[in-house]
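# Observations on the three-dimensional arrangement
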Amino acid sequence: MASTTKQVSEHPTNRIFSGIQPTGNLHLGNYLGAIRNWVTLQPDYECIYCMVDLHAVTMYQDPAELTASTREVTASLLASGIDPKGSIVFNQSQVHAHAELAWLFNCVSRMGWLNRMTQFKEKAGKNRENASVGLYAYPNLMAADILAYKASHVPVGADQKQHLELTRDIAQAFNSTYDVDCFPMTEPLIFGEATRVMSLRDGSKKMSKSEPSDMSRITLTDGPDDIAKKIRKAKTDPLPLTASLEDLEDRPEAKNLMVIFAALSNVPVTEVHQRFDGAEFSQFKKELIELAVEVLSPITTEMQRLVADPGYVDSVLRDGAERAAELATPIVKEVQDIMGFLRP
Ligand code: AMP
Ligand code: TRP
C-alpha cells in the first residue's frame, strides 16, 4: 500500500505553527501555557504565529474592538519576546489559504468527529441550536491553519489537545482518500509547569478570557496594584501549605497558585512545595505578588508602548502576512491539484 502512496512536497521537520484569538483579556494562562513557550522555541524552529481573527468571529465581535484587540495581542507577543524578523507574525484573515483550505477540510472532516469536540460543547452551552456554524466547524479551520504550512509541531495549552488530534485525523483521512503523503502527522507540544492555569476564583475552572469576573484572571494589561489585589483575593483554603503533592490534589486553588509560582519562577513545582512547606497563604501570596509583578510588569509596559505605535504593529503584520502567504499558497495549490481542481 505505502509503496503506491505518492509523496508530494517535502514535509518540513522543524516548522512551528500556533494561533491565538485576538479577543481582549489576554491572561496569565495564555502567557504561561502558550506565549512564553512560543518565545523559547524560536531559536530551534521556523516559527509562524497567527492572530486567528477568523476563529474569533465564530462568536460575535464588536468590529472596532476586534481591530484594537488584533493590534493589542500582536503587541503582547512582541513585548513577550517574539522576534518578528525571525518568526512570522500575522493575522489569519490576511492570508487566504486558511479560509480556502478550511472549506476543503469541511468536506473531509466528519460530523461525528466534530460532535465529540468538548470546546464546542462548552462554548455553545445549552443553546446549541443557536450557535454559529462557524463555531461548530472551528476545529476544521484550525486544522487548515496548521496544515496550510505542513507544520511539524504546534505548541499549545492542554485545552487544545483534542483539536490537535482532529487535525491528525483530517490529515490522515485526506492522505488516504487521495492516496498521497501530502500532510504530516503534526505533533502537539504541551510543556512547562503551567499547561492548564485555573481561575483564581474557582480551581475547577480554567482561567479564561470569557469568564465574566475580572477577578478570576490576571491579564497582561494589569498593573502592579491590580495584580496584588487579584492575588490577595484569590480563593484559598484555611490549611497551611504543604510539601506533599498528594495533599494538594483535593485543594485545587492552592495547587493552582503553586503551579503559577513554579511557572513564573521557572522552577519545578516540587521545589515550590518544599520551599513553602508549612507556610501560611499570607506569606506565600506576598512572595507570589512580588514575583508576578517582576515578571509581568516589563511586558505590560512594553506592550503599552507598542500599542501606542499602531503603524509599527501594522507593518509587522503586513510583512508577516506576505511571508506566510509565500509558504501557504503553493501548499494550497498542491492540494487543489491532488483533488483535481482545474487551474487553467
Ligand atoms: P485562546 O485564548 O483560546 O486563543 O488560547 C491561546 C493559547 O493559550 C492556546 O494555546 C491555549 O491552549 C492557551 N491557553 C488558554 N487558556 C489557558 C489556560 N487557562 N492555561 C493554559 N493555557 C491556556
Ligand atoms: N483554537 C486555539 C485556541 O483557542 C487557537 C488556534 C487557532 C490555534 N488555530 C490554531 C492554536 C492553530 C494552534 C494552532 O486556543
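This one's a predicted model, so the numbers in the text were calculated from it and none came from an experiment.

## What about the site of ligand 1?
- Neighbouring ligand 1 are 16 residues; Gln21, Gly157, Asp159, Val197 and Lys209 lie closest to it.
- Between Gln21 and ligand 1, the recorded distance is 2.9 Å, taken from a backbone N or O atom to an oxygen atom.
- Between ligand 1 and the protein, one listed contact pairs an oxygen atom with a side-chain N or O atom of Lys209 at 2.7 Å.
- Expressed as a share of its isolated accessible area of 480 Å², the protein-covered part of ligand 1 is 92%.
- Judged by the fraction of its atoms near the pocket grid, ligand 1 is located in the largest pocket.
- With 4 residues, the top contributor of residues to the shell around ligand 1 is helix 1 (residues 28-41).
- Looking at the shell around ligand 1 residue by residue, the class counts come to 5 nonpolar, 8 polar and 3 charged.

## Looking at the site of ligand 2
- Near ligand 2, the surroundings consist of 13 residues, among which Gln21, Tyr138, Met142, Asp145 and Gln160 are the closest.
- Between Gln21 and ligand 2, the recorded distance is 3.4 Å, taken from a side-chain N or O atom to an oxygen atom.
- Within the side chain of Asp145, an N or O atom sits 2.7 Å from a nitrogen atom of ligand 2.
- According to the grid-proximity analysis, the pocket containing ligand 2 is the largest pocket.
- Within the residue set of the shell around ligand 2, elements represented by two or more residues are strand 2 (15-20) and helix 7 (133-147).
- Sorting elements by how many residues they give to the shell around ligand 2 places helix 7 first, with 4 residues.

## Digging into empty space enclosed by the protein
- Taken as a whole, this structure holds 1 cavity of 30 Å³ or more when the rule is applied.
- A volume near 50 Å³ is recorded for the largest cavity.
- Of all elements in the fold, only helix 6 (118-124) and helix 7 reach the threshold of two or more residues within the lining of the largest cavity.
- Considering only residue class, the lining of the largest cavity consists of 5 nonpolar, 2 polar and 1 charged.

## Re the domain arrangement of the chain
- Segmentation of the chain into domains returns domain 1 (15-195 + 310-339) and domain 2 (214-305).
- In this assembly, domain 1 packs against domain 2 so that about 1,400 Å² is buried in total across both faces, 73% of it on carbon and sulfur atoms.
- Ranking the residues of domain 1 by area buried against domain 2 places Leu28, Ala79 and Glu193 at the top, with a combined share of 39%.
- At the surface where domain 1 touches domain 2, the tally comes to 0 salt bridges.
- Where domain 1 meets domain 2, there are 3 residue pairs in polar contact (both at pLDDT 80 or more).
- Looking at the side of domain 1 that touches domain 2, the elements that each hand over two or more residues are helix 1 and helix 3 (63-80).

## Details of unusual backbone geometry
- Here the phi dihedral of Asp179 falls at roughly 50°; this positive angle occurs in a residue that is not glycine.
- When you line up the elements, Asp179 lands in the loop between helix 8 (161-178) and strand 6 (180-181).
- Judged by its relative accessible area of 30%, Asp179 is partly exposed.
- If you check the backbone angles, Asn266 has positive phi at about 60° while not being a glycine.

Thresholds, definitions, all that
- In this convention, every chain numbers its residues from 1, walking through the sequence in written order.
- Chain A is the first chain written and ligand 1 is the first ligand written, with later ones labelled in order.
- At least 70 in pLDDT is required for a residue's local features to be given in this predicted model, at least 80 for side-chain atom pairs to be given and counted, and no such filter applies to totals for whole chains, interfaces and linings, which use all residues.
- Note that water and hydrogens are dropped before the side-chain values are worked out from all heavy atoms of the structure.
- Whether a residue is near a molecule or strand depends on its heavy atoms: if one lies within 4 Å, it is near.
- Pairing of N or O atoms within 3.5 Å defines a polar contact, subject to two protein rules: one partner must be a possible hydrogen donor and the other a possible acceptor, and residues neighboring in sequence count only if both atoms are side-chain atoms.
- Every accessible area reported is derived by Shrake-Rupley at a probe size of 1.4 Å, with residue values counting cover from the shown protein chains alone.
- A pocket, in this scheme, is an open set of points on a 1 Å grid over the protein atoms alone with protein on both sides within 12 Å along at least 5 of 7 lines, while a cavity is a set where a 1.4 Å probe fits but cannot get out; residues line either one if an atom lies within 4 Å of a point.
- Should more than half of a molecule's atoms lie within 2 Å of a pocket's or cavity's grid points, that molecule is taken to sit in it.
- The numbering of helices and of strands both runs from the N terminus, where a helix is a DSSP run of H or I of at least 4 residues and a strand a run of E of at least 2.
- Residues are grouped as follows: Ala, Val, Leu, Ile, Met, Phe, Trp, Tyr, Cys and Pro are nonpolar; Asp, Glu, Lys and Arg are charged; every other residue, Gly included, is polar.
- Grid points are joined across faces, edges and corners, and a volume is the space filled by probe spheres set on the points.
- Throughout, the edges of the domains are those of an automatic or database domain assignment.
- When two components associate, each loses some accessible surface as probed by a 1.4 Å sphere; the sum of these losses over both components is called the buried area.
- Salt bridge, as used here, is a side-chain nitrogen of Lys or Arg placed within 4 Å of a carboxyl oxygen of Asp or Glu.
- Here the term buried applies to any residue with accessible area under 20% of the maximum for its type, exposed to any over 50%, and partly exposed to those in between, with areas from a 1.4 Å probe on protein chains only.

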